[in-house]
Amino acid sequence: MMEHNSIKRTMHYGKGDVLVYRTFVKPLHVQPIPESAFTGTDNVVFALNVKITVWADALLSSFSEGDNTLVVATDSMKNFILRRTADFTGSTVESYLQFMATVFMDKYTHLTGIELSAERIPFDPVLVPSDETPFQESGLVYRHSRNESGVYTFRMERGENGYRIVGQSAKLSNLHLIKVKGSMFAGFVRDEYTTLAESFDRPLYIYLNIGWEYADYGDALLEEAERYVPAEQISDITHTLFHQLNSPSIQKLIYDVGLRILERYPQLGKVWFESNNRTWETIVEQVPGSEGRVYTEPRPPYGFQGFSMTRSDLQAAKRVQEAAAAAESK
Ligand SMILES: O=c1[nH]c(=O)c2[nH]c(=O)[nH]c2[nH]1
């Protein structure tokens, strides 16, 4: 995935860590799903860490000869992004990246391509006492969250007839989840190298990155966001399945989460996972008189899993389920 989205061109330059904090962006409203209470955000704080990369054959002499006549200083790129953020009228990071890429390429016509990526820095609403309901969202005060965040990229090139979108991606990065009981890992290969005991109730701590791709990227950019897939719902689907399933392994857990994501969003063509096993190490099996235990941080090295699935995997899984249901009813 990273390879697929990396810039293949050897000649490029740009600026990273452009921090831009825009307030009162148009609120986002999305379709509800059963696994999530998230139906949108007020977008009062729209905070991004942006990276811009540009390329053009005409830039060769800047590398080979030190000829800066076509070099837009990366300092000016940063200023452009900061100032033009005032002109953004959309409500999603995806539409922001498309907007910013377009106005940048309109301004600097010698450039052939641009990649913009952004992490949405999470600021959560805080609850304050109110007269009507016991607590309500402040609408003024937001709390910087150090939890998972959405990371998006958008790549565009100048073509014969206008711009062409040549790449895009969305992912939820650094979701860290602990399930304190109800996870297993048993039945794996046992041979002369095996020291790990089978576990029928382990405290499963996972780190996850989850990416998704629209079958038609136009769906990510619709004005009313009626087919928009928000990172918050991807996260909530993962929470729900982790809660509900008695997982036999991380492999099976991410497979089931992937199927559910594709089921919920027919507009997605693909979903992928990178997971990391951070299962706590048990120190005390049982705290007397309670079901509590004592754990500590696991020692490295850590295991990982990867999985990428498309709609054909969902169809195949459905056929297997139907065949199993038919066999049972006989
Ligand atoms: O969910 C897991 N999958 C594995 O492949 C594995 N391997 C391991 O040592 N622990 C685990 N846990």
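Residues numbered from 1 in each chain as written. Predicted model: local features only at pLDDT ≥ 70, side-chain atom pairs only at ≥ 80, totals over all residues. Heavy atoms only, no water.

1. Regarding the UniProt feature "binding site: urate" (unreviewed entry) in the protein
Under the local residue numbering, the UniProt record ascribes the feature "binding site: urate" (unreviewed entry) to Thr74, Asp75, Phe185, Arg202, Gln251 and Asn277. Maximum C-alpha separation among the annotated residues is 51.7 Å over a sequence range of 204 residues, too wide for a single clustered spot. Residue placement: threonine 74 occurs in helix H3 (residues 74–84). Discounting chain neighbours no more than four positions away, the residues touching threonine 74 are Tyr13, Gly14 and Lys15. A distance of 3.2 Å separates polar atoms of two side chains, one belonging to threonine 74 and the other to lysine 15. Of note, glutamine 251 is situated in helix H6 (residues 250–264). We classify glutamine 251 as partly exposed; its relative accessible area is 44%. (UniProt positions renumbered as here; feature names shortened; annotations may be inferred. Helix = DSSP H or I, 4+ residues; strand = E, 2+ residues; numbered from the N terminus. Contact = heavy atoms within 4.5 Å. Polar contact = N/O pair within 3.5 Å; in protein donor to acceptor, adjacent residues only side chain to side chain. Buried < 20%, exposed > 50% of the residue type's maximum accessible area, 1.4 Å probe, protein only.)

2. Comments concerning the environment of arginine 143
Position of arginine 143 among the secondary structure elements: in strand E7 (residues 135–144). Judged by its relative accessible area of 51%, arginine 143 falls in the exposed class. On a C-alpha basis, the gap between arginine 143 and valine 126 in space is 6.5 Å, while along the polypeptide they are 17 residues apart. The residues contacting arginine 143, other than those within four sequence positions of it, are Pro122, Phe123, Asp124 and Val126.

3. A few points about the layout of surface pockets
Using a probe with the size of a water molecule, rolled over the atoms, empty space left in the structure can be pinpointed. Approximately 690 Å³ is the volume found for the largest pocket. Lining of the largest pocket is provided by 32 residues; of these, Phe38, Pro122, Phe123, Asp124 and Glu232 occupy positions nearest its centre. Of all elements in the fold, only strand E3 (40–41), strand E6 (123–129), E7, strand E8 (149–159) and helix H5 (231–244) reach the threshold of two or more residues within the lining of the largest pocket. Of all the elements, H5 adds the most residues to the lining of the largest pocket, at 5 residues. Tallied by class, residues from the lining of the largest pocket come to 15 nonpolar, 10 polar and 7 charged. When residues are assigned to domains, the lining of the largest pocket turns out to be shared by domain 1 (7–170) and domain 2 (173–329), each giving three or more. (1 Å grid on protein atoms, 1.4 Å probe; cavity = no way out; pocket = protein on both sides within 12 Å on 5 of 7 lines; lining within 4 Å. Points joined across faces, edges and corners; volume = space filled by probe spheres on them. Nonpolar A, V, L, I, M, F, W, Y, C, P; charged D, E, K, R; others polar. Domains from an automatic or database assignment.)

4. Things to note about the sheet that holds strand E10 (residues 204–214)
Here we have 8 strands laid out as an open sheet, ordered E1-E4-E5-E8-E9-E10-E11-E14, and antiparallel in their pairing. Two strands close off the open sheet at either side, each with one partner strand: strand E1 (13–23) and strand E14 (304–310). Strand after strand, the sheet turns through a mean of 15° between neighbouring axes, direction not considered. Where strand E9 (residues 162–179) and E10 come together, 8 bridges link them in antiparallel fashion. Counted as the bridge partner of leucine 172 is isoleucine 210 from E10. Of the strands in this sheet, E1 and strand E4 (45–55) are in contact with H3, which crosses E1 at around 25°. (Pairing = 2+ DSSP bridges. Axes fitted to C-alpha atoms, helices over the stretch in contact; angles between N-to-C directions.)

5. Section: the side chain of serine 169
Positionally, serine 169 belongs in strand E9. Among the polar contacts made by the side chain of serine 169, one reaches the side chain of threonine 153 at a distance of 2.8 Å.

6. Section: the UniProt feature "binding site: 5-hydroxyisourate" (unreviewed entry) in the protein
The sites that UniProt annotates as "binding site: 5-hydroxyisourate" (unreviewed entry) are Thr74, Asp75, Phe185, Arg202, Gln251 and Asn277. You can call threonine 74 partly exposed: its relative accessible area is 22%.

7. A look at the nonpolar core
Val50, Tyr96, Phe104, Ile114, Trp212 and Ile261 are the most contacted members of the largest nonpolar core, which has 72 residues in total. Counting contributing residues, this core receives three or more from each of domain 1 (7–170) and domain 2 (173–329). Excluding residues that lie within four positions of it along the chain, tyrosine 96 makes contacts with Val20, Phe46, Leu48, Val50, Ile81, Thr85 and Phe88. (Core = buried A, V, L, I, M, F, W, Y, C linked by side-chain atoms within 4.5 Å.)

8. As for the confidence of the model for the protein
Here the protein shows a mean pLDDT of 95. Residues at 70 or above account for 97%. Across residues 1–8, where pLDDT falls below 50, the model places 16 contacts with residues more than four positions away in sequence or in other chains. (pLDDT = per-residue confidence, 0-100.)

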